[in-house]
Amino acid sequence: MSDTTANRINQLVRQLNEYSYAYHVKDEPLVSDAEYDHLYQELIHLEQAAPNFILPESPSQRVGEKPSGGFETVAHTVPMLSLDNAFDNQQLLDFEQRLKKLIGTEEEITYCCEPKLDGLAVSLRYENGLLVQGLTRGDGVAGENITSNLKTIRSVPIRLNTETPPPVLEVRGEVYMTKAGFERLNQQAEEAGGKTFVNPRNAAAGSLRQLDPALTAKRPLVLCAYSIGYTEGWQQPDSHYDSLINMSEWGFRINPLMTRAESMSDCLDYYARISQQRPKLDYDIDGIVYKVDSLTLQQTLGFIARAPRWAIARKFPAEEAITQIIDVDFQVGRTGAITPVARLEPVFVAGVTVSNATLHNRDEIDRLGVQIGDFVAIHRAGDVIPKVAKVLLDKRPEQSREVHFPTECPVCSSELEQITGEAVIRCTGGLICSAQRKQSLKHFVARKAMDIEGLGDKLIDQLVDLGLINNPVDIYRLIDKKDILLSLERMGEKSVDNLLTSIENSKTTELHRFIYALGIREVGEATARALTGHFASLDNIIKATSDDLLNVDDVGPIVAQHIRRFFSQSANVDIVEGLIEVGVHWPDVEKNQTVTEQPLSGLSYVITGTLANFSRDELKDKLIQLGAKVSGSVSAKTHCLIAGEKAGSKLTKAQDLGIDIMDETAVITLLEQHGVS
Ligand SMILES: [Zn+2]
């Protein structure tokens, strides 16, 4: 083996460690994964040929041998103490008063503030810059030796990045898992049929205590340094904040939100600011740690019992609490989705009293195995609706009972349905279900449906709340209620007249608009047109069997089922008849409206980008008039892509597939050729 090999190994190790530091500590990757892997392979190759030249800080040395026994217990050089807690601002102010009294000063004290990571505290010992030992916190006096596992964490430096390392340095930090890493890990576990973890903290704990470091290496763990526990032969800066900046220069990740505060009032502001950011952070934190920044002052203040006098943790309100489920109700949402809601014995969690928690859907009830009467853990983070996180089976009372999912809509008694592959169970009531009423009415009056201008969302809400309209037929009865309309807020003579005119005008419509307006699930505009073209009359559509429906282009078994369900509910038929009675009408439609003779029939178009002369919907209408099909995504079946300005991925895809592409001018010519403009 030559010097050149040793030099190259040296060079590769330095380079790879630099890349790894940029990626895992600074979150600023310098090279692609592929390039890293390429260099890493070269290193492995050289190391195999020259094992004598392997450096301890080589990335290949992160995953070591499996230790033979369990973890040995080792005493900490300096005990890892816990911190006193403060649960409100007053307790923080009291803390500061005590400090001022002990120091004998009235002057402001400078603090170092940082988020309290919800992970596991560890201690890392470096001798002459090289990591020699890593311990868990344990009971604070002694911890378990998990050096090989800690070495697998990429943000743990194996060698300090300095030419003049302290002879001895003990760094303390928190090992945690990011929320994204946790999700990924659980997803993998689920796919492999394995056990999932409850939260990132448990996942991090389980990962750190694996007996096989190769397993730990696969877990997305992160180390964040938060203090220096002990040092020999090195003059530490007289500031906690500066010490951490120093650690950062030596290769440790420190929390980017860490800051120095010049007074307690700044500390309180910091708490408020971080509380706000908390739900958006990619890691769990359970409070803020405040430390007196000056090390000299820290020494003056010293310790009491098992906690330092110079530090305190302001805890966030707990996000989880235990309570009992009194009952389970079923709510019907705007779209008919049935949501089970647990009624709880009120409990204080994350700063508010919670008496309901969502159970999401039937699958979730099964997954949790929850029963009425059960004691459960309630979780509430940020603005998220509280949810039932876990059932405490060992506390299940004898009189607990199973949750029975309803067999019909609890609001309107319509049938419920569940689409294969969807977790949601819905009420099929549509127009007749008061829970879905507002939503159905808003759809009914929409531009592409009955097009009733002036009947906006807010007015519909108001009219429904006042009991003035319950179903679409009632909208037409408003024509006789001008006085009542005039009495409503913000409704002047002119707006009422306009509204009534547009209601009156909407009576003259087209069959496909009418069908679309009914809001039958998954019957969009295109399907409504297809049904109209195929059956030519409303009667035929109402009477159509599933088989008849399946003969229509675009209608698959699920849509056919939705249509059958809708017209089999007599309340829906009553509404359809009621609308006709009040005068809603449309011109006759010829059966199979010369479909085959239309110029663009059988051709499929996709529209993308911005058009100068029409909206995409308008162009879509025109193309459909000519018999074309217009779909939302480009596939091999697409005949032509119409690309306006700023066309993006659809254009690229169409080019890749060799599909015809037409610009706006070409489309206008095409439309004109067929008498549409
Ligand atoms: Zn219903």
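Our structure's up above, just so we're on the same page.
Overview of the structure. (Residues numbered from 1 in each chain as written. Predicted model: local features only at pLDDT ≥ 70, side-chain atom pairs only at ≥ 80, totals over all residues. Heavy atoms only, no water.)

1. Observations regarding the packing of aromatic side chains
Evaluation of the coordinates by the stated rule reveals 10 aromatic pairs. Between the aromatic rings of Y271 and F316, the centroid separation amounts to 5.4 Å while the plane-to-plane angle is 35 degrees, which identifies the pairing as tilted. Residue Y271 is found in helix α9 (residues 264-277), and its partner F316 is found in the loop between β13 (311-315) and β14 (320-332); the two are separated by 45 residues along the sequence. Just as Y271 is buried, F316 falls in that class too. Between F514 and W586 the ring centres are 4.8 Å apart and the planes differ by 35 degrees, which places this aromatic pair in the tilted class. Residue F514 is found in helix α17 (residues 511-517), and its partner W586 is found in the loop between α22 (570-581) and β23 (604-608); the two are separated by 72 residues along the sequence. The cationic tip of R314 hangs over the ring face of Y271; the distance from NZ or CZ to the ring centre is 3.9 Å. We note K395 situated over the ring of F375; from NZ or CZ to the ring centre the distance is 5.3 Å. (Phe/Tyr/Trp six-rings, centres within 6.5 Å; stacked < 30°, edge-to-face > 60°. Helix = DSSP H or I, 4+ residues; strand = E, 2+ residues; numbered from the N terminus. Buried < 20%, exposed > 50% of the residue type's maximum accessible area, 1.4 Å probe, protein only. Lys NZ or Arg CZ within 6 Å of the ring centre and 35° of its normal.)

2. A closer look at the coordination of the zinc ion
Taken together, C409 (SG), C412 (SG), C427 (SG) and C433 (SG) make up the full set of protein donors to the zinc ion, lying 2.2 to 2.4 Å away. Each of the 4 donor atoms bound to the zinc ion contributes to angles spanning 99 to 119 degrees, and the resulting shape is tetrahedral. (Donors = N, O, S within 2.8 Å, 3.2 Å for Na, K, Ca; no water. Tetrahedral: all angles 85-135°; square planar, octahedral: opposite > 155°, others 65-115°.)

3. A short note on the pairing of strand β16 (residues 352-358)
The pairing of strand β15 (residues 338-349) with β16 spans 6 bridges and is classified as antiparallel. Bridge pairing in β16 places A342 opposite A357. Linkage of β15 to β16, two consecutive antiparallel strands, is achieved through a turn of 2 residues, within which A350 is found at a positive phi near 50 degrees. (Pairing = 2+ DSSP bridges.)

4. Points about the pattern of salt bridges
Under the definition given, this model contains 28 salt bridges. Put simply, E415, E417, R521 and R565 are held in one network by salt bridges that share partners. (Salt bridge = Lys/Arg side-chain N within 4 Å of Asp/Glu carboxyl O.)

5. Some words on the side chain of S440
Relative to the assigned elements, S440 resides in helix α12 (residues 434-445). Each residue touching S440, except ones within four places of it in the same chain, is listed here: G430 and L431. (Contact = heavy atoms within 4.5 Å.)

6. Considering the nonpolar core
Ranked by size, the top nonpolar core spans 55 residues in total, and within it I475 and L531 carry the most contacts. Membership of the second largest hydrophobic core comes to 32 residues, among which are V122, L124, L221 and I254. (Core = buried A, V, L, I, M, F, W, Y, C linked by side-chain atoms within 4.5 Å.)

7. Description of helix α5 (residues 179-191)
For α5, which comprises 13 residues, the first-to-last C-alpha distance of 18 Å matches the rise-based estimate of 18 Å (1.5 Å per residue) to within 8%. Here α5 has its buried residues at G181, F182, L185, N186 and A189. Burial along α5 is one-sided: seen end-on, the buried residues are contained in an arc of 130 degrees. Opposite the buried face of α5, at more than 90 degrees from it, the exposed residues are E190 and E191. Contacts made by the buried residues of α5 are with β7 (168-177) and α6 (200-208). (Expected span 1.5 Å × (residues − 1). Arc of directions from axis to C-beta.)

8. Description of the sheet that holds strand β26 (residues 660-662)
If you trace the 4 strands from one edge of the open sheet to the other, you get β24-β23-β25-β26, paired in parallel fashion. Both outer strands of the open sheet, β24 (629-631) and β26, are each paired with one neighbouring strand and no more. Shown here is a sheet whose adjacent strand axes are inclined to one another by a mean of 30 degrees, direction ignored. Note that strand β25 (residues 640-643) and β26 share 3 bridges and pair parallel. Counted as the bridge partner of I642 is M662 from β26. Here helix α23 (residues 616-625) sits on the sheet and contacts β23, β24 and β25; the angle it forms with β23, its principal contact strand, is near 165 degrees. Taken strand by strand, helix α25 (residues 664-673) contacts β23, β25 and β26, and its axis lies near 90 degrees from that of β26. (Axes fitted to C-alpha atoms, helices over the stretch in contact; angles between N-to-C directions.)

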